[in-house]
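# Summary of structural features
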Amino acid sequence: MHRNLTIVSPKQERIAALAKQSPQMAFTSLAYLMDLDWLKEAYRRTRKDGAVGVDGVNADDYERDLEGNLQRLLDRAKSGTYQAPPVRRVHIPKGGSSTETRPLGIPTLEDKILQRAVVMLLEPIYEHDFLECSYGFRPGRSAHQALEAFRNQLMNCRGGFVLEVDIRKFFDNLDHGHLREFLRRRVRDGVLLRLIDKWLSAGVLEDGSISYPDAGTPQGGVVSPILSNVFLHYVLDLWFEQDVKPRMRRRAFLIRYADDFVIGFEDQQDAERVFAVVPKRFGRFGLTVHPTKTKLVPFRPPSVRTRDQSTAQVARPGTFDLLGFTHYWGRSQRGYWVVKQQTASDRFSRAVRSIDSWCRDHRHWSLQEQQQTLNQKLRGHYAYYGVTGNSAALTRFLFEVKACWRKWLYRRNRLRSMTWEMFYRLLDRYPLAPVRTVLSMFRHAAKP
């Protein structure tokens with residue numbers, strides 16, 4: 001498999017070099033690069049332990065004749081005879097809730113492989129085109145980098161105003177016509193465009209019936225993230241960089257992670273102008289913004305007195321949420337005003353509900369098995385939310401995990417009560433992972 005990677009990488013490098021050399025050029029011939037080795041590498045990068053699609057084929061079945069299956073898949077893709085199978089839709093609990101669910105699309109294994117192969121062709125082009133403000137679903141970029149970038153820019157201008165925008169059901173409402181037009185600006189390879197069209201119009205199988213969406217990204221598709229990034233690159237990123245920023249009186253900056261984005265402003269009038277025009281901008285492309293979740297937040301440290309010219313009242317610093325964190329102004333240990341981050345309340349509650357649901361469903365496992373899985377979940381939580389200044393929320397989460405475990409562990413034995421003293425003796429034998437701060441966000445501080 002490593003040989004396939006060495007073969008694929010030079011091809012991707014050639015695509016990237018052409019994209020850089022001719023930023024306005026549309027690629028008319030890309031599919032010829034997709035050969036058997038390319039699909040083998042796509043298969044290597046495809047997750048194989050997920051649920052099966054409508055054909056019921058898993059990785060073990062597929063690998064019995066891997067080379068033959070991949071060759072037949074390649075032939076169908078290039079000849080135009082490949083038919084995108086329906087995506088199986090299931091509903092899973094939302095944040096551990098027993099009543100609320102969210103839909104999950106499950107493509108077939110072959111669909112995942114072919115989508116991965118197409119992404120491997122598109123990525124070198126768009127990684128050159130995408131702007132610095134975009135972080136979601138891009139190689140070498142993370143949510144923590146997006147958080148740090150926005151925080152640093154807020155610190156550098158000592159705050160200002162933050163525009164939080166919520167796009168209503170973006171992944172369900174993405175307009176196919178506009179997406180096709182955006183894609184053709186850089187990709188005019190007939191094989192790739194036909195495949196993407198097939199995925200966009202593939203049916204969704206639910207409760208025995210198939211429906212055909214006329215909007216949205218492919219359900220659960222590997223290709224969906226890059227398609228959504230292409231769409232928002234033209235609708236938002238380029239528009240902000242080329243049309244909005246030159247018209248601003250003072251600094252303005254955008255950070256986007258997939259469809260989750262915020263815009264920071266030094267000047268209040270700049271912020272209000274953009275706040276007024278953003279709904280119209282998205283409306284042009286078939287999208288709407290949530291009227292109550294989209295808001296403009298005054299965001300300066302308390303020592304900086306800003307005055308709303310229309311009301312002549314001193315503006316108080318607000319808070320805003322981004323990527324699961326609530327951002328607010330607080331004092332550092334040296335007494336400077338800094339932007340701090342704590343777990344957003346809705347994410348905290350969702351995580352606790354998820355733990356409670358897991359403990360309920362697995363209370364009959366052995367103590368050691370429960371301890372091991374809970375520790376995995378705790379370490380995953382710390383890995384994301386373990387930023388400097390968030391230790392109180394992490395400590396509270398650990399306490400809630402202990403409380404959930406204690407409740408369900410002893411309900412399985414039908415005991416009416418269990419003192420914390422008795423439970424902590426059990427924790428001595430089966431300890432839970434202690435709170436851990438993983439990332440430092442305090443590299444910049446504003447002087448008081």
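This text goes with the structure placed above it.
Put plainly, a disulfide is one covalent bond tying together the sulfur atoms of two cysteines. Applying the stated criterion across every chain yields a total of 0 disulfides. Cys359 carries a free sulfur, and the closest cysteine sulfur to it, the one in Cys404, is 5.8 Å from it. Given a relative accessible area of 7%, Cys404 falls into the buried group.

All right, on to the environment of Leu296 then. Summarising the element assignment, Leu296 is placed in strand β8 (residues 295–299). The partly exposed category is assigned to Leu296, whose relative accessible area is 22%. As for Leu296 and Pro23, which are separated by 273 residues in sequence, their C-alpha atoms are 35 Å apart. In this structure Leu296 touches Phe161, Val162, Leu163, Ala271, Glu272 and Phe275, once residues within four positions along its chain are discounted.

Along its length, helix α10 (residues 224–244) shows its largest kink, about 50°, at His233. Within α10, 17 of the 21 residues are buried, leaving the element largely enclosed by the surrounding structure.

We now examine the pattern of salt bridges. Going through the model one piece at a time under the given rule, you end up with 23 salt bridges. Between Arg45 and Glu41 there is a salt bridge, and its shortest N-O distance comes to 2.9 Å. Here Arg45 and its partner Glu41 are both found in helix α2 (residues 36–45), 4 residues apart, which amounts to about one turn of the helix. With relative accessibility at 0%, the residue Glu41 sits in the buried group. A salt bridge links Arg250 to Glu266; the shortest N-O distance between them is 3.3 Å. With a gap of 16 residues between them, Arg250 in the loop between α10 and β6 (252–257) and Glu266 in the loop between β7 (260–265) and α11 (268–283) connect regions that are remote in the sequence.

Rules used in this analysis
- Residues numbered from 1 in each chain as written.
- Predicted model: local features only at pLDDT ≥ 70, side-chain atom pairs only at ≥ 80, totals over all residues.
- Heavy atoms only, no water.
- Disulfide = S-S within 2.5 Å.
- Buried < 20%, exposed > 50% of the residue type's maximum accessible area, 1.4 Å probe, protein only.
- Helix = DSSP H or I, 4+ residues; strand = E, 2+ residues; numbered from the N terminus.
- Contact = heavy atoms within 4.5 Å.
- Bend = angle between axes of the 7 residues up to and from the residue.
- Salt bridge = Lys/Arg side-chain N within 4 Å of Asp/Glu carboxyl O.

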